[in-house]
Amino acid sequence: PAVSVALAALGYYGFLYLATSQPQLMFDQSNQLTLLGEFLSTTFRINIALAIFNLLPIFPLDGGQLVYNGALMITRKHLLVRQVCLTLSVFGAFAVIMFQFYLSNYQLTSNMFFTGFIMFWLVSDAYRYLR
């Protein structure tokens, strides 16, 4: 997540700097973003989304590993920590699927199936590692 945050900051502050110091590089005559403006804007948005996704408490992701290692340092009970992390992974994956369902206006779309496949894969990995 740190690399994603750093790249997002680079995109954001690069956009801000160029928009104030060299606006002709960022905007064309009709005040639309140029290719460079679109690139920096997209760099920011994609990397923020990746950082947030990677910090979800689903175990194979970094957020899940942070929860696992933090809980293990506090309790030192391996079985309990594994059960909690697996439960968090299942509920986290379900929450992501429901959020995607909400974003698609409660319609089944190809994005829903892709998201479901990715979440199933992550939970099955969590089960394999944590059992």
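Quick caveat: nothing in here was measured; it's all calculated off a predicted structure.

**A few points about the layout of surface pockets**
In this model, the largest pocket occupies a volume close to 220 Å³. In this structure, the largest pocket is lined by Phe 53, Val 96, Phe 99, Gln 100, Leu 103, Phe 114, Thr 115, Ile 118 and Met 119. Elements with a contribution of two residues or more to the lining of the largest pocket: helix 5 (78-103) and helix 6 (110-130). Each residue belonging to the lining of the largest pocket can be placed in one class, and the counts come to seven nonpolar, two polar and no charged.

**Side note on a nonpolar patch on the surface**
On the surface, a cluster of nonpolar side chains totalling about 490 Å² of accessible area is made up of Phe 99, Tyr 102, Leu 103 and Tyr 106. Topologically, Phe 99 is positioned in helix 5.

**A word on the packing of aromatic side chains**
Each aromatic ring pair is specified by the distance between its two centres and by the angle formed by the two planes. For the structure shown, the criterion picks out eight aromatic pairs. Pairing Tyr 12 with Phe 44 gives two aromatic rings, centres 5.4 Å apart and planes at 45°, and the pair type is tilted. Of the two residues, Tyr 12 is situated in helix 1 (residues 2-21) and Phe 44 in helix 3 (residues 35-54); the sequence distance between them amounts to 32 residues. Taking relative accessible area as the criterion, Tyr 12 reaches 36% and is therefore assigned partly exposed. A ring pair is formed by Phe 59 and Tyr 68, whose centres lie 5.5 Å apart and whose planes are at 75°; its orientation type is edge-to-face. Looking at Tyr 68, the relative accessible area reads 15%, which means it is buried. Here the aromatic residues Phe 99, Phe 101, Tyr 102 and Tyr 106 are joined through ring pairs into a cluster of three or more. Lying across the ring of Tyr 129, Arg 128 places its NZ or CZ 5.2 Å from the centre.

Procedures and definitions
- Along each chain, numbering runs from 1 in the same order as the chain's sequence is written.
- For this predicted model, a pLDDT threshold of at least 70 governs which residues receive local features, and a threshold of 80 or more governs which side-chain atom pairs are given and counted, while totals over whole chains, interfaces and linings are taken from all residues.
- Here the side-chain values reflect all heavy atoms present in the structure, with hydrogen atoms and water set aside.
- Of the grid points, spaced at 1 Å and generated over the protein atoms alone, those admitting a 1.4 Å probe that cannot get out make up cavities, while open sets with protein on both sides within 12 Å along at least five of seven lines make up pockets; any residue with an atom within 4 Å of a point is treated as lining.
- Grid points are joined across faces, edges and corners, and a volume is the space filled by probe spheres set on the points.
- Where helices and strands are cited, they refer to DSSP runs of H or I of at least four residues and of E of at least two residues respectively, numbered from the N terminus.
- Any residue that is not Ala, Val, Leu, Ile, Met, Phe, Trp, Tyr, Cys, Pro, Asp, Glu, Lys or Arg is counted as polar, Gly included; the first ten are nonpolar and the last four charged.
- Like-charged residues are merged into a patch within 9 Å and nonpolar side chains (Val, Leu, Ile, Met, Phe, Trp, Tyr) within 5 Å, provided each residue has over 30% relative accessible area and no salt bridge.
- Residue exposure ignores everything except the shown protein chains as possible cover, and the areas themselves are Shrake-Rupley values with a 1.4 Å probe.
- Take a side-chain nitrogen of Lys or Arg and a carboxyl oxygen of Asp or Glu: if they are within 4 Å of each other, that pair is a salt bridge.
- Whether two aromatic rings pair depends on their centres lying within 6.5 Å, for rings of Phe, Tyr and Trp, where Trp uses its six-membered ring; planes under 30 degrees apart make the pair stacked, over 60 edge-to-face, and the rest tilted.
- A 1.4 Å probe rolled over the protein chains alone gives each residue an accessible area, and that area as a share of the maximum for its type sets the label: buried under 20%, exposed over 50%, partly exposed in between.
- For a lysine, the NZ atom is tested; for an arginine, the CZ atom; a charge sits over a ring if that atom is within 6 Å of the ring centre and within 35 degrees of the ring normal.

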